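# Descriptive analysis of the structure
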Amino acid sequence: MTHPKIFITRLIPSRGLILVEERFPTFEIWPHEMPPTREQLLEKVRGVDGLLCLLTEKIDAELMDAAGSQLKVISSMSVGVDHVDVAAATARGIPIGNTPGVLTDATADMAFALLFSAARRVVEGEKYIRAGKWKTWHPQLLLGKDFVGATLGIVGFGRIGEAVAKRAQGFDMRVIFYDPTAEPAYGAQSVDLDTLLHQSDFVSLHVPLTTKTKHLVNADFLAKMKPNAILVNTARGGVVDQVALYDVLKSKQIFAAALDVTDPEPLPMDSPLLELENCLIVPHLGSASQRARDLMSQLAAENLIAGLKGERLPNCVNPEVYK
Ligand code: GLV
């Protein structure tokens, strides 16, 4: 195949684009800041052999059929693939690529950045100054939570969960985790979910979004957390029932939440969560370091190129397509 038809749904870092261009110079790229609408995407994928997408695109059976039976590979520049109907792709023999590993440290760093910011009220302090409220150093001003000796509960102990545990060691925290499929590492102790919620001063979420984890953090989960605990979410917004979260934050049943991800993204400006001082929200920045995004674009390009050449993807979510 000398000139496969390729569509890339946004301007990804040049590291990945150069790789694609060297091998297949005739690709088409969506040049706008905003992603293509559903209609535009269905139109653009028609007849493509390879698709490189982001987590903002819903890649379902309808889209695969709109592309056509020649579609050889779907490469997502993300580790999470909850936006892709993997079963539909497998049924059509289409390998799905993702970008694990290279964003582990950046995402664990962001989990810690949020944890610190919420615990030590960094954003509240910044807003306080800009509002002209700071009059003097005061012994009781914006007091927060301590890390030394505190218990950090990690829900989901995959690559990113482990990297969070590794960082917590440096802050002399006790670390426990809930993940029936994982082995202990970095001094973290495996516990059941109720134990984790009852004992943790900080709860950090690191599970993928699946039918099993959708609204895992519901009213029942939140009611089991310690009264002064902090919830951090760098996983997926859909893991948290935001109505239940709003209730416990509003009534100060827990100290704070810090969210890198929400459902939907972005949150509508009239979302009640945006009214709360004790809810810190940033725009899905977990992997947003230059290095992580460069490497993600590289892996996404390598998956795309391998798929177009009929080779096994270096990072394939559904290797059963090769059986
Ligand atoms: C980011 O959230 C990703 O899945 O890569």
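Look a little higher up for the structure.
In this report, the structure presented in the accompanying data block is examined. (Residues numbered from 1 in each chain as written. Predicted model: local features only at pLDDT ≥ 70, side-chain atom pairs only at ≥ 80, totals over all residues. Heavy atoms only, no water.)

## Re the site of the ligand
Threshold: In these notes, residues near a molecule or strand are those with any non-hydrogen atom within 4 Å of it. Within 3.5 Å is the distance limit for a polar contact, defined as a pair of N or O atoms, with the added protein rule that one can donate a hydrogen and the other accept it, and that residues adjacent in sequence qualify only through two side-chain atoms. Accessible areas in this description were obtained via Shrake-Rupley with a 1.4 Å probe; residue shielding takes into account the shown protein chains only. Each residue receives one of three labels: charged for Asp, Glu, Lys and Arg, nonpolar for Ala, Val, Leu, Ile, Met, Phe, Trp, Tyr, Cys and Pro, and polar for the others, Gly being one of them.
For the ligand, the full set of nearby residues is L55, S78, V79, G80, L103, R236, H284 and M296. Interatomic distance of 2.8 Å between a backbone N/O atom of G80 and an oxygen atom of the ligand. For the ligand, an oxygen atom lies 2.7 Å from a polar atom in the side chain of R236. Burial of the ligand by the protein chains amounts to 90% of its free accessible area of 190 Å². When its residues are assigned to classes, the shell around the ligand shows 4 nonpolar, 3 polar and 1 charged.

## Regarding the environment of R293
Basically, it comes down to this: A run of DSSP states H or I qualifies as a helix once it reaches four residues; a run of E qualifies as a strand once it reaches two. Both are numbered from the N-terminal end. Contact criterion: two residues are considered in contact whenever any of their non-hydrogen atoms come within 4.5 Å of each other.
Within the fold, R293 resides in helix α11 (residues 290-308). A sequence separation of 130 residues divides R293 from A163, and the C-alpha atoms of the two residues are 18 Å apart. Once residues within four sequence positions are removed from consideration, R293 is found in contact with P13, M77, H284, S287 and A288.

## Remarks on unusual backbone geometry
The step from D263 to P264 runs through a cis peptide bond, and the omega angle for that step is 5°. At the junction of E265 and P266, the peptide bond is cis and its omega measures out at -10° in the coordinates. Within the element layout of this structure, P266 appears in the loop between β11 (256-259) and β12 (279-281). At L142, a position not held by glycine, the phi torsion is positive, near 45°.

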